[in-house]
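What follows is the residue order along each chain.
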Amino acid sequence: MQVVYEDNHLIIVWKQSGEIVQGDKTGDVPLSEQVKAYIKEKYQKPGAVFLGVVHRLDRPVSGLVVFARTSKALSRLNEMFRRGEVHKTYWALVQNRPPQDEALLEHWLVRNEQQNKSYVVGEGHRGAKLAQLRYRLAGQTERYYLLEVQLLTGRHHQIRCQLAAMGCPIKGDLKYGARRSNPDGSISLVARHVEFTHPVSRQTVSISGPLPAEAVWDAFR
């Protein structure tokens with residue numbers, strides 16, 4: 001676990017692919033519990049440590065995760081996420097060049113709980129939610145294209161589903177049409193940057209994280 005920012009109200013950590021943010025049926029130790037243990041040890045806190053989960057990343061995704069250390073920060077961050085006031089930028093490696101170098105993507109998505117997968121459907125489809133993101137082509141190598149993605153909504157598997165619908169599945173993402181998996185089970189999607197107004201101090205928090213220690217990312221460091 002790598003801490004990239006902390007103060008009395010917030011802690012932002014770098015999640016490795018394969019880690020889960022919150023506990024699930026696998027029983028694996030989630031990132032939230034690792035962060036609690038870190039806070040308890042560093043600050044010699046007696047009793048239970050408060051930690052609020054305000055958003056998540058899919059298990060095969062790496063990148064920045066924001067946690068709240070106080071109930072005041074938690075309630076305000078939850079509201080900020082709901083209003084779209086937390087700006088998250090992702091980097092995605094895809095094997096196909098997008099049809100445009102930059103664009104706004106809008107799709108209606110429906111989530112299949114049993115398959116843990118989202119599908120593009122028509123507007124008016126039962127349970128469908130509007131998904132919006134902006135992307136731009138930010139770089140390329142001989143084999144891959146780097147897309148910088150800004151999320152405008154927060155739907156289940158949104159980036160994975162929308163990029164695949166555009167004909168650009170993310171490297172390693174078999175669930176959404178990639179040709180082969182990554183050796184470590186990750187997908188080449190990184191929550192690279194987060195920016196928001198601090199829920200208590202009102203100062204701007206702008207944090208960029210590292211890239212995964214994999215050769216495929218070396219051209220973009």
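Coordinates for the structure precede this section.
None of the values given here were measured: they were computed from a predicted structure. (Residues numbered from 1 in each chain as written. Predicted model: local features only at pLDDT ≥ 70, side-chain atom pairs only at ≥ 80, totals over all residues. Heavy atoms only, no water.)

*Asks:* Explain the overall build of the chain here, please?
*Replies:* A tally of regular secondary structure across the chain gives 3 helices and 11 strands. Starting at the N terminus and walking to the C terminus, you meet the elements of the chain as β-β-α-β-β-α-β-β-β-β-β-α-β-β. Here the C-alpha radius of gyration of the chain, 18 Å, is about what a compact globule of 221 residues would show, namely 17 Å. If one aligns the C-alpha atoms of the chain with their principal axes, the spans along those axes are about 55 × 45 × 35 Å. (Helix = DSSP H or I, 4+ residues; strand = E, 2+ residues; numbered from the N terminus. Rg over C-alpha atoms; globule rule 2.2 N^0.38 Å.)

*Asks:* I tried to follow the nonpolar core on my own but got confused; where do I start?
*Replies:* Judged by nonpolar contacts, the single largest core of 33 residues is most densely connected at Phe 67, Ile 159 and Leu 163. Looking at which element gives the most residues to this core, the answer is strand β9 (residues 145-151), with 4 residues. If we ignore the near neighbours within four places in the chain, the residues touching Ile 159 are Tyr 90, Leu 133, Val 149, Leu 151, Ile 170 and Leu 189. Listed in part, the 24 residues of the second largest apolar core include Met 80, Val 194, Phe 196 and Phe 220. (Core = buried A, V, L, I, M, F, W, Y, C linked by side-chain atoms within 4.5 Å. Buried < 20%, exposed > 50% of the residue type's maximum accessible area, 1.4 Å probe, protein only. Contact = heavy atoms within 4.5 Å.)

*Asks:* I tried to follow unusual backbone geometry on my own but got confused; where do I start?
*Replies:* Trans peptide bonds make up most of the peptide bonds, and negative phi angles are found at most residues other than glycine. The backbone phi angle of Asn 116 is positive, close to 50°, even though this residue is not glycine. Along the polypeptide, Asn 116 turns up in the loop between β6 (102-112) and β7 (117-121). You will see that Arg 202, though not glycine, has its phi angle at about 70°, which is positive. Within the secondary structure layout, Arg 202 lies in the loop between β10 (189-197) and β11 (204-208).

*Asks:* What should I look at first to understand the side chain of Asp 173 in this one?
*Replies:* Inspection of the secondary structure puts Asp 173 in the loop between α3 (158-165) and β10. A distance of 2.8 Å separates the side chain of Asp 173 from the side chain of Arg 160, its partner in a polar contact. Sequence-distant contacts of Asp 173, that is, excluding residues within four places in its chain, are made with Arg 160, Ala 178 and Ile 187. (Polar contact = N/O pair within 3.5 Å; in protein donor to acceptor, adjacent residues only side chain to side chain.)

*Asks:* I keep staring at helix α1 (residues 31-42) and nothing clicks. Help me out?
*Replies:* Every α-helix carries 3.6 residues per turn, so stepping three or four residues along brings you back to the same face. Between its first and last C-alpha, α1 extends 16 Å over 12 residues, near the 16 Å set by a 1.5 Å rise per residue. In this structure, the buried residues of α1 make contact with β2 (10-15), β3 (52-53) and β4 (62-68). Phi turns positive, to about 50°, at Gln 44, one or two residues after α1. (Expected span 1.5 Å × (residues − 1).)

*Asks:* What is the right way to look at the pairing of β6 in this model?
*Replies:* Along any regular strand the residues' side chains alternate between the sheet's two faces. Two elements, β6 and strand β8 (residues 129-140), share 8 bridges in a ladder whose sense is antiparallel. The partner of Glu 106 across the bridge, within β8, is Gln 132. Between β6 and β7, which pair antiparallel in sequence order, lie 4 residues; one of them, Asn 116, sits at a positive phi of approximately 50°. (Pairing = 2+ DSSP bridges.)

*Asks:* Can you walk me through the packing of aromatic side chains in this structure?
*Replies:* Here the distance between the centres and the angle between the planes together describe a pair of aromatic rings. Counting across every chain of the model gives 0 aromatic pairs. Positioned over the ring face of Tyr 176 is Lys 117, at 5.5 Å from the centre of the ring. Here Arg 192 stacks its cationic end above the ring of Trp 91, 4.4 Å away from the centre of that ring. (Phe/Tyr/Trp six-rings, centres within 6.5 Å; stacked < 30°, edge-to-face > 60°. Lys NZ or Arg CZ within 6 Å of the ring centre and 35° of its normal.)

*Asks:* Is there a simple way to explain helix α2 (residues 71-82) in this structure?
*Replies:* Helix length check: α2, at 12 residues, gives a terminal C-alpha distance of 17 Å against a target of 16 Å (1.5 Å per residue), a fit within 8%. Where α2 is buried, its residues contact β2, β3, β4 and β10. Phi turns positive one or two residues past the end of α2, at Gly 84, with a value near 75°.

*Asks:* I tried to follow the pattern of salt bridges on my own but got confused; where do I start?
*Replies:* Oppositely charged side chains are able to pair whenever their charged atoms sit close together. Inspection of the entire model under this criterion finds 12 salt bridges. One salt bridge connects Arg 59 with Asp 28, and the closest N-O pair in it is separated by 2.5 Å. Here the residue Arg 59 occupies a position in the loop between β3 and β4, and Asp 28 occupies one in the loop between β2 and α1, the gap between them amounting to 31 residues. Between Arg 160 and Asp 173 there is a salt bridge, and its shortest N-O distance comes to 2.8 Å. In this pair, Arg 160 sits in helix α3 while Asp 173 sits in the loop between α3 and β10, placing the two residues 13 residues apart along the sequence. A single burial state applies to Arg 160 and to Asp 173, both of which are buried. (Salt bridge = Lys/Arg side-chain N within 4 Å of Asp/Glu carboxyl O.)

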